[in-house]
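# Coordinate inspection notes
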Amino acid sequence: EMTFVASGEAVNPRKTIPSAIKRTLNIVIIIYMLSLISVGVNIYCGDPRLLSYFSGSAERRFITAMNDVSIRWQVSERCRSGLHYETGYQRNGSSPWVLALQNFGMCTYASVLNGIMIFITIGAEISSLFSGSRTLYAMAVQRKAPAILQRCTKAGVPYVSVLFTSAFGAISYLAVDTTAIENFGVLSNISSASTSIIWMGLNVSFLRFYYALKLRQDIISRDDRSYPYRSPFQPYLSMYGLFGCCMFVIFMGYTNFLHKYWNTKSFFSAYGGLMLFSACYLGYKIIGTSKIQRLDQLDMDTGRREMDRIMWNEYRQYSGPYRERAKKLFTWLY
């Protein structure tokens, strides 16, 4: 998703985007899968110190932790002093990676990892700011958002969209006490559900592009050797992604439908994003009088013809001896 958003500012997207996609896929498979396996074999899935999905059971879970129930299996109890209980919330140590280190008595390493995660979170916030501001700018260009969001600096940075997007960071100050943390969690869950809806749209868009390209043999075929990037296992991989995202959205708040577990706030927390998306989509369909085009009517020429006329020479920046490449970089910086 981030690679796609950044493609609008890439000099030579036909060369850089496929390379970035392949590297991102390898990183996700190696780092994420190894991390999940390493944590999964070193922590108990029912550990009461973990954050609970159903907020109504948080207090009971942490009371259980304070009474040493379900955590006596730990290899080491050296880091037990890091467990605090205050009005149903845990101050620190809720990350499964941190808990896994604490279970083996590596208290110092757990604290260092906690700091590293904070640093990584800052990086995630910056990437979200980038994607959010560029999405708003693209919507403004398409007249789906206020025109003022199109304003850019001389360097091409949409500063109005950046300021508007960054203003939502002030919402994080809601989580200053235990009462506001639950409300902040509601907003976070709505955002998470909205992300799944976005990924649903990405899969739908690709499937429509995939089948529309089959109807336009005059452009290029996916089987052609000159095709820039051909993702594997298509269209079945996109169908799988679409089905998985649908399941996430549908079952996000399944606990509300269990016997005696209904919670109005939790229900809107799980399905608020879906309600907001439905209202915006139907509102735009009615006010904007838009309609979904047939596959044979999709515009697959605008922008492509202009790119075909450009002679790309970006590869020259990344080729040649290291001394010349460093000299070019130094010249560009200064």
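What comes next concerns the included structure. (Residues numbered from 1 in each chain as written. Predicted model: local features only at pLDDT ≥ 70, side-chain atom pairs only at ≥ 80, totals over all residues. Heavy atoms only, no water.)

## Things to note about the overall build of the chain
We count it as follows: Each helix is a run of H or I in the DSSP string that is no shorter than four residues. Each strand is a run of E no shorter than two, and both are numbered from the N terminus. Pairs of residues are marked as contacts when any of their non-hydrogen atoms sit within 4.5 Å. The Shrake-Rupley method, run with a 1.4 Å probe sphere, supplies the accessible areas, and residue values consider only the shown protein chains as cover.
The helix and strand inventory of the chain stands at 11 helices and zero strands. Reading the chain from its N terminus to its C terminus gives the helix and strand order α-α-α-α-α-α-α-α-α-α-α. At a minimum sequence separation of 6, the contacts of the chain that also span at least 24 residues come to 57%. Accessible surface, the chain as shown: approximately 23,700 Å² in total, 64% of it carbon and sulfur.

## What about helix H2 (residues 13-40)?
Put simply, the test is: Multiplying one less than the number of residues by 1.5 Å gives the expected span of a helix. Think of it in three bands: residues with accessible area under 20% of the maximum for their type are buried, residues over 50% are exposed, and the middle band is partly exposed, with areas taken using a 1.4 Å probe on protein chains only.
With 28 residues, H2 ought to run about 40 Å at 1.5 Å a step, and its terminal C-alpha atoms sit 38 Å apart, in line with that. The complete set of buried residues in H2 reads Pro13, Pro18 and Val39.

## As for the side chain of Ser238
The residue Ser238 is located in helix H8 (residues 236-250) in this model. Overall, Ser238 belongs to the buried group, its relative accessible area being 5%. Apart from the residues lying within four places of it in its own chain, the contact partners of Ser238 are Asn203, Phe206 and Leu207.

## Details of H8
We count it as follows: Our arc is simply the arc of the directions from the helix axis toward the C-beta atoms.
If you check H8, its first and last C-alpha atoms are 21 Å apart, about what 15 residues at 1.5 Å a residue would give, namely 21 Å. For H8, the set of buried residues is Ser238, Gly241, Cys245 and Val249. The buried residues of H8 occupy one face: seen down the axis, they fall within an arc of 70°. The outward face of H8, more than 90 degrees from its buried face, is lined by the exposed residues Tyr236, Tyr240 and Phe243.

## A closer look at the pattern of salt bridges
Put simply, the rule is: In the sections that follow, a salt bridge refers to a side-chain nitrogen of Lys or Arg positioned within 4 Å of a carboxyl oxygen of Asp or Glu.
A complete count under the given rule lists one salt bridge for this structure. Arg294 is the salt-bridge partner of Asp296, the closest N and O atoms lying 3.2 Å from each other.

## Focus: the side chain of Asn203
Examined against the element boundaries, Asn203 turns out to sit in helix H7 (residues 178-215). For Asn203, the contacting residues outside a window of four places in its chain are Ser238, Gly241, Leu242 and Cys245.

## With respect to the packing of helix H5 (residues 107-141) against helix H6 (residues 159-166)
Our working rule: Simply put, an axis is a line fit to the C-alpha atoms, just over the touching stretch for a helix, and the angle between two N-to-C directions goes from 0 to 180 degrees. In what follows, roughly perpendicular refers to angles from 65 to 115 degrees, roughly parallel to angles under 35, roughly antiparallel to angles over 145, and oblique to any angle outside these ranges. What makes a crossing left-handed is the near helix being turned counterclockwise from the far one by less than a right angle; a clockwise turn instead makes it right-handed.
Taken N-terminus to C-terminus, the directions of H5 and H6 make an angle of 125°; their axes are 8 Å apart at the nearest point. Accordingly, the angle class assigned to the pair H5 and H6 is oblique. Both H5 and H6 take part in a crossing whose hand is right-handed. On the side of H5, the interface is formed by Leu129, Gly132, Ser133, Arg134, Leu136 and Tyr137, while H6 contributes Ser161, Val162, Phe164, Thr165 and Ser166.

## Structural notes on the packing of aromatic side chains
To describe a pair of aromatic rings, one takes the distance between the centres and the angle between the planes. Here is the rule: Between rings of Phe, Tyr and Trp, where Trp is taken as its six-membered ring, a pair exists when centres lie within 6.5 Å; planes separated by under 30 degrees are stacked, by over 60 edge-to-face, and by other angles tilted.
The tally for this structure, following the rule as stated, stands at 10 aromatic pairs. Aromatic side chains Phe206 and Phe209 sit 6.3 Å apart centroid to centroid with 45° between the ring planes, which places their arrangement in the tilted category. Taken together, the residues Phe206 and Phe209, both in helix H7 and three residues apart, mark about one turn of the helix. Using a relative accessible area of 21% as the deciding quantity, one classes Phe206 as partly exposed. Classification of Phe209 as partly exposed rests on a relative accessible area of 33%. Note on Phe267 and Phe268: the rings are 5.6 Å apart at their centroids and 85° apart in plane angle, and the pair reads as edge-to-face. We classify Phe267 as buried; its relative accessible area is 18%. According to the relative accessible area criterion, Phe268 is partly exposed, its value standing at 42%. Aromatic ring contacts, followed pair by pair, group Phe257, Trp262, Phe267, Phe268 and Tyr271 into a single cluster.

## Details of a nonpolar patch on the surface
So the rule is basically this: Like-charged residues are merged into a patch within 9 Å and nonpolar side chains (Val, Leu, Ile, Met, Phe, Trp, Tyr) within 5 Å, provided each residue has over 30% relative accessible area and no salt bridge.
A cluster of nonpolar side chains, Leu25, Ile27, Val28, Ile29, Ile30, Ile31, Tyr32, Met33, Leu34 and Leu36, forms an exposed patch at the surface whose accessible area comes to about 980 Å². By the secondary structure assignment, Tyr32 is in helix H2.

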